[in-house]
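Analysis of the macromolecular model
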Amino acid sequence: MLSRHLATALLAVATLARCAPAETLPATATPPPTPSTTTRPVRPDPARGEALFRAFVPAARYACVTCHLPNSTQALLGPGLAGVGDGVSPCDPQQDLEDYLRESILEPDACLTPGFSARLMPSVYAEVYSEQDIDDLVAWMLTLRQTNEAGQ
Ligand code: HEC
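Summarised in this report is the structure supplied together with it. Please read all numbers here as calculations on a predicted model, not as lab measurements. (Residues numbered from 1 in each chain as written. Predicted model: local features only at pLDDT ≥ 70, side-chain atom pairs only at ≥ 80, totals over all residues.)

Observations regarding the site of the ligand
Put simply, the rule is: Near, for a residue, is defined by distance from a backbone-placed C-beta atom to a molecule or strand, with 6 Å as the limit that must not be exceeded. To qualify as a helix, a DSSP run of H or I must reach at least 4 residues; to qualify as a strand, a run of E must reach at least 2; elements of each kind are numbered from the N terminus. Gly is placed with the polar residues, together with every amino acid not listed as nonpolar (Ala, Val, Leu, Ile, Met, Phe, Trp, Tyr, Cys and Pro) or charged (Asp, Glu, Lys and Arg).
As a matter of local geometry, the ligand sits amid 26 residues, with Cys64, Cys67, Gly78, Phe116 and Met121 nearest to it. Those elements that place two or more of their residues in the shell around the ligand are α3 (64-67), α4 (97-106) and α6 (131-141). Residues belonging to the shell around the ligand are distributed by class as follows: 20 nonpolar, five polar and one charged.

Right under this line is the structure:
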């Protein structure tokens, strides 16, 4: 009897473990955030930026989170983003960080992260996102500090 319970428990754990990396797959289950209809200037909304980061983008065929872990420096297809919020551009340490993050989305190949190849990150976002979307994504990435690195 005890061993049957143990087996059930182990099966449950195995199932959970198999489900865990679902976050890193295209986030088809997450409903895309409502597109912004307002015109600028609107205050950047980091929470909305995070929702965009986790949403599947058909034109890119991925969600950002499929390639980037937000709270880890561990790489998936792209670099882990823990610390981008208190980092510097690898090409020009003098560049304003907000500008660099904006450029990383709109022109991914303008400055490559060392160790990563060109043309891996989709260059569709200038067409896909509104100015507000980009502002929100950048505002959220600025909250990704080295100090809050926490795995996933
Ligand atoms: C198909 C995988 C992929 C997707 C999807 C993707 N990226 Fe990237 N990203 C990369 C790769 C690879 C790099 C490194 C090469 C480069 O700089 O282009 C990168 C670089 C970056 C960098 C620079 C990081 C640093 O440390 O300098 C940022 C910021 C970034 N991506 C944000 C985003 C955001 C925001 C999205 C969604 C809108 C996104 N990425 C979607 C693959 C991806």
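From this point, the discussion proceeds with the structure in view.
Observations regarding the packing of helix α2 (residues 46-54) against α6
The condition that has to hold: What counts as an axis is a line fitted to C-alpha atoms, over the stretch in contact for a helix, and the angles between N-to-C directions run from 0 to 180 degrees. Comment on the angle field: the value is read as roughly parallel under 35 degrees, roughly antiparallel over 145, roughly perpendicular from 65 to 115, and oblique elsewhere. Here contacts are defined at the residue level, using C-beta atoms placed from the backbone and a cut-off of 7 Å between them.
Direction vectors running N to C along α2 and α6 enclose 100 degrees, while the axes themselves pass 7 Å from each other. If you check the angle between α2 and α6, you find them roughly perpendicular. On α6, the residues touching Pro46, Arg48, Gly49, Glu50, Leu52 and Phe53 of α2 are Asp133, Asp136, Leu137, Ala139 and Trp140. For the contact of α2 with α6, the class distribution of residues is six nonpolar, one polar and four charged.

Thoughts on α4
Turn by turn, an α-helix covers 3.6 residues, leaving residues three or four places apart pointing in a common direction. Definition in use: With C-beta atoms placed from the backbone, a residue counts as buried when 20 or more other C-beta atoms lie within 10 Å of its own, as exposed when 12 or fewer do, and as partly exposed for counts between those limits. The arc in question is the one spanned by the directions pointing from the helix axis to the C-beta atoms.
Within α4 the residues assigned to the buried category are Tyr100, Leu101, Ser104 and Ile105. Taken around the axis of α4, the buried residues stretch over an arc of 135 degrees, which confines them to a single face. Close packing links the buried residues of α4 with α5 (125-128) and α6.

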